[in-house]
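Below, each chain spelled out in residue letters.
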Amino acid sequence: MTRDLKYFQAIHEATDLCMARDPSVYLMGLHVPADPKGIFGTALGLQKKYGPDRVMDMPTSENGMTGVAIGSALVGMRPIMVHQRIEFALLAVEQIVNQAANWHYMFGGQAAMPLVIRMMIGRGWGQGPQHSQSLQAMFAHVPGLKVVMPVTPHDAKGLLIAAVEDNNPVIYLEHRWLHNIFGPVPEGHYTVPIGKARTARPGRDVTIVATSYMVLESLRAADLLVRDGIEAEVIDVRSLRPLDTGHILESVQRTGRLLAVDGAWRSLGFAAEVLALVAEQVYGSLKAGPKRVTCPDLPSPSTPALAQHFYPRAVHIVNGVRSTMGLPEVTEEQLGIQHETPLDVPDKAFTGPF
Amino acid sequence: MTRDLKYFQAIHEATDLCMARDPSVYLMGLHVPADPKGIFGTALGLQKKYGPDRVMDMPTSENGMTGVAIGSALVGMRPIMVHQRIEFALLAVEQIVNQAANWHYMFGGQAAMPLVIRMMIGRGWGQGPQHSQSLQAMFAHVPGLKVVMPVTPHDAKGLLIAAVEDNNPVIYLEHRWLHNIFGPVPEGHYTVPIGKARTARPGRDVTIVATSYMVLESLRAADLLVRDGIEAEVIDVRSLRPLDTGHILESVQRTGRLLAVDGAWRSLGFAAEVLALVAEQVYGSLKAGPKRVTCPDLPSPSTPALAQHFYPRAVHIVNGVRSTMGLPEVTEEQLGIQHETPLDVPDKAFTGPF
Amino acid sequence: MDPVTPRDLYGRMLRIRLVEEKIAELYPEQQMRCPVHLSIGQEAVAVGACAALAIKDYAFSTHRSHAHYLAKGGNLKAMLGELYGRVTGCCLGKGGSMHLIDRSAGFLGAVPIVGSTIPIGVGAAFGTLLRKERRVTLVFLGDGATEEGVFHEAVNFAVLKRLPVVFVCENNFFSVYSSLDVRQPPAREIYEMARGYGLESHQGDGNDVEAVYGLTKAAVEKARTGGGPTFLEFKTYRWREHCGPHYDNHVGYRSEQEFEEWKARCPVTRLKQQLLQQGLLAQEDLDGIEAALIREIETAVVFAQSSPFPEPQLLGAHLYAP
Amino acid sequence: MDPVTPRDLYGRMLRIRLVEEKIAELYPEQQMRCPVHLSIGQEAVAVGACAALAIKDYAFSTHRSHAHYLAKGGNLKAMLGELYGRVTGCCLGKGGSMHLIDRSAGFLGAVPIVGSTIPIGVGAAFGTLLRKERRVTLVFLGDGATEEGVFHEAVNFAVLKRLPVVFVCENNFFSVYSSLDVRQPPAREIYEMARGYGLESHQGDGNDVEAVYGLTKAAVEKARTGGGPTFLEFKTYRWREHCGPHYDNHVGYRSEQEFEEWKARCPVTRLKQQLLQQGLLAQEDLDGIEAALIREIETAVVFAQSSPFPEPQLLGAHLYAP
Ligand SMILES: Cc1ncc(C[n+]2csc(CCOP(=O)(O)OP(=O)(O)O)c2C)c(N)n1
Ligand SMILES: Cc1ncc(C[n+]2csc(CCOP(=O)(O)OP(=O)(O)O)c2C)c(N)n1
Ligand SMILES: [Mg+2]
Ligand SMILES: [Mg+2]
């Protein structure tokens, strides 16, 4: 049975299911049991159900606690760690990159590392330069890690279950603007395989490869493009590492055009990898130069007055596609876009702060 | 006057010169004054000359000491911090990425951050998965940082002086296989501007864009390619951020072919950025798909038996170029390459350990 | 430095209280579009500690920085401008509430990554020592921040080098919703752990501004005369929710009763009553002080609200310092 | 667990000494192509501490891991194979000297990033507690490692959760070439700082294997019975250079005299003389022990040297666990 759930409910359900199935799964993170909002709702009630050993708070010690998670994984536990902002995890890069990512390989295959680290990214409400960075590229660069960015509630659940059941460190990135979106979610156990992309919308004229929240903006853009007779195919990569290169290449070979869309910095970001991959592998199929739509290479400013020019949205994607076709830029007005909410909140219900 | 100096001497001379000119410059790092080898020779005798306040050891506290360097920079000092392995700096990613890189921007331009962090990368002698990673992409992805990788003694000196005189955080990456190479170095004060690439060898048939030690392997490859009548242009990027995009694009527009060579991981690495840049900006000039030569997406193994298959060298670059021309692969034997030293040491004099 | 009078301390605390209450009042209008962490209830630590500093001395702070900024002499208009995201803000709007700075007041910066200004403050102290300046640096931190490894590293270095730094730990028992008992061993006092590093370490009543002032003053004088660092822990209590303008005692992580007990120990009221009892000030003096502050704050709010937003071109400015 | 006799302790120390001297002898042949950090002089800590553990207990180590690995029961042939980069090595050659592991002996891993196994060891202890196993985890660390923030974070958590973990700090006064006085405040003992966290903390003679054994045994028993963590500091001395097979007292960072003083306190000789004096062993017993060890080591060296290198296909294996 499939029902419509919110993204946060899908994460909650996946966590609940994994904990019920396997007593070695536990959840930890700052304020996880104490937060009355239950970490965007994803952890609500879980401590009551599974007890304080399995659903736990922790000291403000991100690096050490990552080590603790790693150590517990080595002796058979399956920790899920959650950071409410990816920036906090920067304190733990040593443990994640030197230790978690290498451990299985460097010990010649003797040590499994079943570890999930949920990290939240996002934007809006003036969170500013240290609370709204999108640092997926740093982790996706590292062999030995797996990095997923689910967009739909369906994938949020299926990828989280897959991540918990995986014997490797999985970085699971949640965009804060997704937690309240709705979508169909099957009941019970299922997994979405890590390393498989998804065609979010088929099309024949151009391939848009997008990550996380930017998939939604890409779908909006695809709707707008139809009016000009342009059929965009939107690929939701889901996994940044391993990357489903075959899926992307097949699409680009069909459409002959590529736009990579990522809500992070441009240079050395994920969008660069997509362009490199395509240029390297199927250069001959391209009808025009591939393009990127990303944030500019700047810190993320706090004031909405500047943030609105920092984060890309549908209009930028429309123009990205148009530029691969040699068409001139259009404005939001020309596209008839009217924003019902301020640009710095995910939806009408949100009244800040994050 | 220009003399031949070793790379480490060039760094030493630059440090000495900066310290003599500006009393706010100081040097710190683990074992800096105590190491009888003087941190690959780069710090020899400096404590004697400038005293223990300005040339100092530090506790094994990479994150905290990066904060200390940042704080001292805020009040007018110009610290040079050195990490003998880039992996140690992973403990300090929070301070580097959240703090140093953002500080000037997020405080609206009020805080200068004159900070140089020297980090060593390298390979060889079984240093293994935690002591021989090349993590330049992690830092080069971050706006607000500058990232340089000098290859020649000339640039080692000129870029270090430029870095020390820069009012921004500069990541200065030294490959351990470069410290003992010779090259002409002018006496006295000069700078190599951060953000300017260098054509290490002109050529008309293909553009090789390389970083750090891989520039030397690229030059070797270029020599080998001449025998088949292929004239490769080798660009030493010197700065990964800011990147001299104009220099790269101009060359590729001339040659019509691109090979990006980087001694780091492939996916989301620097080589990807070069391919993306070129594909995005001068797609029409390319005669064939651009290619990358990098390490594979794997941890770096310790045993020389595997390491020799991990790190790319001239033969791989030759084949990379050949693949952009539709030519078949050749072997080292066919190229007549004979290795005078084992593949895991930089030169004959080296007898391990690093 | 002029001697600081109880009247000064009172005025400074009240100013902060009134500013923050004004923020709490206006925040629901959704014009200040950034997270805010109010210090209402904790004013005595900010004011008592900063009163012990000279203007030339430095202070660093955290996500909860309004009180520290104002107590150190930061510009009120620039702070409100920043909260309103305006170009008149102390960071031109780029930082928001969690990134206050006023270099002319010696307030060198606040950032919201817990613990991260601890080593930076220590580094500033180190820098002033290298430069042979007789400045003291004060680092504000919360109880939660003492759990970060960087606290350990920074304190070790400060002790090693006998740096002119004073650590002022505001222990309000909570890190967001998490009480101390899920984060630190029971019955282990923070100031005792700090003492293990080999530096002077004291605990004081964080709701008694004169006690805070006294302890900090001694530490600052010691630091200024080469005596090295001191760690000071002040227990106090945050009245409002962790982030945002509301009260949240009903949501379950702490009790209304605990809140009421701490409210009864309000640092502002406490000093006010003392001043009245001791006859140092009359009710009309107090009224005058308050009226003047309200006028100042109103003016600052109007200033902020009527300031322009930064122009789009500012987005690309300041990536690199010239 | 069988009781551990002084004879056992002696044999284990001597075995490690002879293995490492053999490594030092062969290393200049440049067939072991990886950095090696020898524990010659420090054997008593490894042996005394590990003797207090059961096989099922866990240990974690650092860059200087040979002694810990062997003392915990790690396979000698697999260790030498690893140093020689052979496929018979305990990591198939992928790790090298700084990444020893022998899961069957409860030696869960060593890594060369200073301090990084401290929280991992604490996490293993936490895991065993969650799994309700009665195992104890022992974490070896150097004096330098106590400067890492992660030490602070790990110890705080261990105390908070009363974890079955024993921290064994080998204080050999140096971090590479840097002596304690440029890294930590003078006259502040490491074990006293650790005590500040609120856990039991002791200092012992790191060259007296029985003292090490005694203190560790008590700590292990306490941990096993729910008494929580203990921190043990043992002062000892590394004889050879930090990394590599040579002596380096001439290069200037420490004095020949200091070295000679510590050499006179050799833990192996010390116990040997005691055994002889107390009549527990005769010279011929000692000779027999030594001869057997030499044979074992020769065999292991031949095994390692004659083992094949990993095939190129192994490069791509083990990126992900199945
Ligand atoms: C490194 C890091 N981890 C987690 C957070 C989330 N966070 C924001 S404020 C805060 C509370 C910190 O508690 P404390 O230091 O006691 O300060 P208080 O809010 O009580 O003033 C936390 C955990 C953060 N900002 N930075
Ligand atoms: C995080 C980190 N910083 C620096 C180093 C370089 N390093 C290797 S061994 C070592 C010495 C550490 O000293 P200690 O912990 O006392 O161990 P010892 O070598 O004395 O046994 C250092 C600093 C490292 N490996 N990791
Ligand atoms: Mg607090
Ligand atoms: Mg040591």
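First things first, this report covers the structure right here in the doc. (Residues numbered from 1 in each chain as written. Chains lettered and ligands numbered in written order. Predicted model: local features only at pLDDT ≥ 70, side-chain atom pairs only at ≥ 80, totals over all residues. Heavy atoms only, no water.)

**Focus: the overall build of chain A**
- When you go through chain A residue by residue, the secondary structure sums to 13 helices and 14 strands.
- For 354 residues, the compact-globule formula gives about 20 Å, and the C-alpha radius of gyration of chain A, at 20 Å, lands near that figure.
- Dimensions along the principal axes, computed over C-alpha positions, put chain A at roughly 60 × 50 × 45 Å.
- Taking all 354 residues of chain A together, 73% fall into the buried category.
- By sequence separation, contacts in chain A at least 24 residues apart represent 81% of the contacts at least 6 residues apart.
- Accessible surface computed for chain A: about 9,600 Å², of which carbon and sulfur atoms make up 50%. (Helix = DSSP H or I, 4+ residues; strand = E, 2+ residues; numbered from the N terminus. Rg over C-alpha atoms; globule rule 2.2 N^0.38 Å. Buried < 20%, exposed > 50% of the residue type's maximum accessible area, 1.4 Å probe, protein only. Contact = heavy atoms within 4.5 Å. Areas by Shrake-Rupley, 256 points an atom, 1.4 Å probe, with all protein chains shown as cover.)

**Examining the sheet that holds strand 8 (residues 230-235) of chain C**
All names here are of chain C.
- Strand order in the open sheet made by the six strands is 2-1-3-4-8-7, with parallel pairing throughout. Strands with a single pairing partner mark the edges of an open sheet, and in this sheet they are strand 2 (107-110) and strand 7 (200-205). Strand-to-strand twist of the sheet, defined as the mean angle between neighbouring strand axes without regard to direction, takes the value 15 degrees.
- Note that strand 7 and strand 8 share six bridges and pair parallel. Each residue of the ladder has a partner; that of D205, found in strand 8, is K235. (Pairing = 2+ DSSP bridges. Axes fitted to C-alpha atoms, helices over the stretch in contact; angles between N-to-C directions.)

**Considerations on the pattern of salt bridges**
- Counted according to the given criterion, the structure contains 72 salt bridges over all chains.
- E25 of chain D is the salt-bridge partner of K22 of chain D, the closest N and O atoms lying 3.5 Å from each other. You can see K22 of chain D and its partner E25 of chain D sitting in helix 1 (residues 6-26), three residues apart, about one turn around the helix.
- For K22 of chain D, a relative accessible area of 15% corresponds to the buried category.
- One connected set of salt bridges, linked through shared partners, spans D155, R198, D236 and R238 of chain A. (Salt bridge = Lys/Arg side-chain N within 4 Å of Asp/Glu carboxyl O.)

**A short note on the relation of the copies chain A and chain B**
- When chain A is fitted onto chain B, the two copies agree to an RMSD of 0.0 Å after a turn of 180 degrees and an axial shift of 0.0 Å. Interpreted geometrically, this transformation is the action of a two-fold axis.
- Of all interface residues in chain A, 100% are interface residues in chain B too; the two copies therefore contact each other through one and the same surface. (Least-squares fit on C-alpha atoms with pLDDT ≥ 70 in both.)

**Remarks on the sheet that holds strand 14 (residues 291-295) of chain A**
Residue and element names in this part refer to chain A.
- If you trace the five strands from one edge of the open sheet to the other, you get 9-11-10-13-14, paired in mixed fashion. The strands lining the two open edges of the sheet, one partner per strand, are strand 9 (198-201) and strand 14. With direction set aside, neighbouring strand axes in the sheet form an average angle of 25 degrees.
- One ladder, built from four bridges, connects strand 10 (residues 206-210) with strand 13 (residues 258-265); its direction is parallel. Among the inter-strand pairings, V209 is bridged to a residue of strand 13, identified as A260.
- Running at roughly 155 degrees to strand 13, helix 10 (residues 270-281) makes contact with strand 10, strand 13 and strand 14 of the sheet.

**What about the packing of helix 8 (residues 213-226) of chain B against helix 12 (residues 314-324) of chain B?**
All names here are of chain B.
- The contact between helix 8 and helix 12 brings their axes to 8 Å, and the two run at 60 degrees. Accordingly, the angle class assigned to the pair helix 8 and helix 12 is oblique. Considering only the axes of helix 8 and helix 12, their crossing is right-handed. For the pair helix 8 and helix 12, contact is made by M214, E217, S218, R220, A221, L224 and L225 and by A314, I317, V318, V321 and R322, respectively. (Parallel < 35°, antiparallel > 145°, perpendicular 65-115°, else oblique. Left-handed = near helix turned anticlockwise from the far one by under 90°.)

**Quick look at the site of ligand 2**
- In the vicinity of ligand 2 lie 21 residues, with E62 of chain B together with H63, R64, P112 and D143 of chain D positioned nearest.
- Interatomic distance of 2.7 Å between a side-chain N/O atom of H63 of chain D and an oxygen atom of ligand 2.
- At a separation of 2.8 Å, an oxygen atom of ligand 2 approaches a polar side-chain atom of N172 of chain D.
- Coverage of ligand 2 by the protein amounts to 95% of the 580 Å² it exposes when considered alone. (Near = heavy atom within 4 Å. Polar contact = N/O pair within 3.5 Å; in protein donor to acceptor, adjacent residues only side chain to side chain.)

**Topic: the coordination of the magnesium ion (ligand 3)**
Residue and element names in this part refer to chain C.
- For the magnesium ion (ligand 3), the full set of protein donor atoms is D143 (OD), N172 (OD1) and F174 (O), and the range of their distances to it is 2.0 to 2.1 Å.
- The motif formed by the donor residues of the magnesium ion (ligand 3), counted along the single chain, is D-x28-N-x1-F. Taken as a pair, D143 in the loop between strand 3 (137-142) and helix 6 (149-160) and N172 in the loop between strand 4 (165-171) and strand 5 (174-175) lie far apart in primary sequence, 29 residues in all. Residue D143 shares its accessibility class with N172, and that shared class is buried. (Donors = N, O, S within 2.8 Å, 3.2 Å for Na, K, Ca; no water.)

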